[in-house]
Amino acid sequence: MNKLHQYNLKIKWTGNKGSGTSGYRAYDRNHVIQSEGKVEILCSSDPSFLGDKTRYNPEELLVASLSSCHMLWYLHLCSEAGVVVIDYVDNATGTMAETANGSGHFEEVILNPAIIVAESSMIAKANELHQKANELCFIANSVNFPVRHRPTYAVMNS
C-alpha cells in the first residue's frame, strides 16, 4: 500500500476591478496562494497574458517546484553518500510552447545548479547523484516533459 500525502491550499482571485470578467481586459489576473500558517504567495499570469510582472506566475512556480524538489533530494542523497555540499544555487529555466489555440505545454526544464563541495574528490559522486535525485523527485515524476541537469562544480576554498 502506498503512503498518501494530502496538500491543502487556497487560491483566491483578487483581480476583480469592479465589473468581474465582463471583458478580457476588464479584470486583473492577480491572485494569492494561501495555506494555513504560511506567508501568502502573490501571483498573477505571465505578462504575455496581461499578468502583473511583479508577481509569480504558475509557469514560474512549476519550474521552482521542480528545482526545489530536485535540490532537496540531491542534498539528501549527498549526505547519505558522504558528499559534503557547502553551497547550492540553481538558475533553473523552463521552456513553454504556446499553441495556435492559445493553450500550451512545457517542452523542458533545465536545472543549472552551481554546487560547491568540500573536496575535489567528491565531484564525480556529486555529479552521479543528479540522476538518482531526478528519479526520486516527486514533481519530476509527475510531469510529462524532460527535466535536464547541467550542474557546475567548485571546491570550497579553491
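This section reports on the structure supplied with the text. (Residues numbered from 1 in each chain as written. Predicted model: local features only at pLDDT ≥ 70, side-chain atom pairs only at ≥ 80, totals over all residues. Heavy atoms only, no water.)

Here the focus is the pattern of salt bridges. All chains considered together, the criterion is met by 4 salt bridges. Residue Glu128 pairs with Lys125 through a salt bridge whose shortest N-O separation is 2.9 Å. Note that Glu128 and Lys125 are positioned in helix H2 (residues 123–136) at a spacing of 3 residues, about one turn of the helix. When its relative accessible area of 49% is taken as the criterion, Glu128 is described as partly exposed. A residue is classified by how much of its surface remains accessible, and Lys125, at 34% relative accessible area, is partly exposed. (Salt bridge = Lys/Arg side-chain N within 4 Å of Asp/Glu carboxyl O. Helix = DSSP H or I, 4+ residues; strand = E, 2+ residues; numbered from the N terminus. Buried < 20%, exposed > 50% of the residue type's maximum accessible area, 1.4 Å probe, protein only.)

Attention shifts here to the sheet that holds strand E7 (residues 113–117). The pairing of strands in a sheet happens through backbone hydrogen bonds and is either parallel or antiparallel. Judged by pairing direction, the sheet is mixed, and its 3 strands sit side by side in the order E4-E7-E9 without closing on themselves. Edge positions in the open sheet fall to strand E4 (85–90) and strand E9 (152–155), since each of these has one partner strand only. Shown here is a sheet whose adjacent strand axes are inclined to one another by a mean of 15 degrees, direction ignored. Here 5 bridges tie E4 to E7, and the two strands are oriented antiparallel to one another. (Pairing = 2+ DSSP bridges. Axes fitted to C-alpha atoms, helices over the stretch in contact; angles between N-to-C directions.)

Backbone geometry at Leu50 places phi at a positive 70 degrees, although glycine is not the residue there. Looking at the element boundaries, Leu50 is found in the loop between strand E3 (41–43) and helix H1 (58–81). Leu50 gets classed as partly exposed once you look at its relative accessible area, which sits at 31%.

So, about H2. Along an α-helix, residues three or four apart share an orientation, since each turn contains 3.6 residues. End to end, H2 covers 20 Å across 14 residues, agreeing with the expected 20 Å (1.5 Å per residue, within 8%). The largest bend in H2 amounts to roughly 25 degrees and is located at His130. The set of residues buried in H2 consists of Ala126, Leu129, His130, Ala133 and Asn134. Structurally, H2 contributes buried residues whose contacts are with H1, E7, strand E8 (147–149) and E9. (Expected span 1.5 Å × (residues − 1). Bend = angle between axes of the 7 residues up to and from the residue. Contact = heavy atoms within 4.5 Å.)

On to the layout of surface pockets, then. Taken as a whole, the largest pocket holds about 800 Å³ of empty space. Taken together, 19 residues line the largest pocket, and the ones lying closest to its centre are Tyr7, Leu9, Lys38, Ser65 and Ile139. Of all the elements in the fold, those that place two or more residues in the lining of the largest pocket are strand E2 (31–34) and H1. The element contributing the most residues to the lining of the largest pocket is H1, with 8 residues. (1 Å grid on protein atoms, 1.4 Å probe; cavity = no way out; pocket = protein on both sides within 12 Å on 5 of 7 lines; lining within 4 Å. Points joined across faces, edges and corners; volume = space filled by probe spheres on them.)

Reading across from one edge, E5-E6-E8 is the order of the 3 strands in this open sheet, with mixed pairing throughout. Of all the strands in the sheet, the pair left with one neighbour each is strand E5 (93–98) and E8. Adjacent strand axes in the sheet meet at a mean angle of 20 degrees when their direction is disregarded. Bridging between strand E6 (residues 104–111) and E8 involves 3 bridges; their strand directions are parallel.

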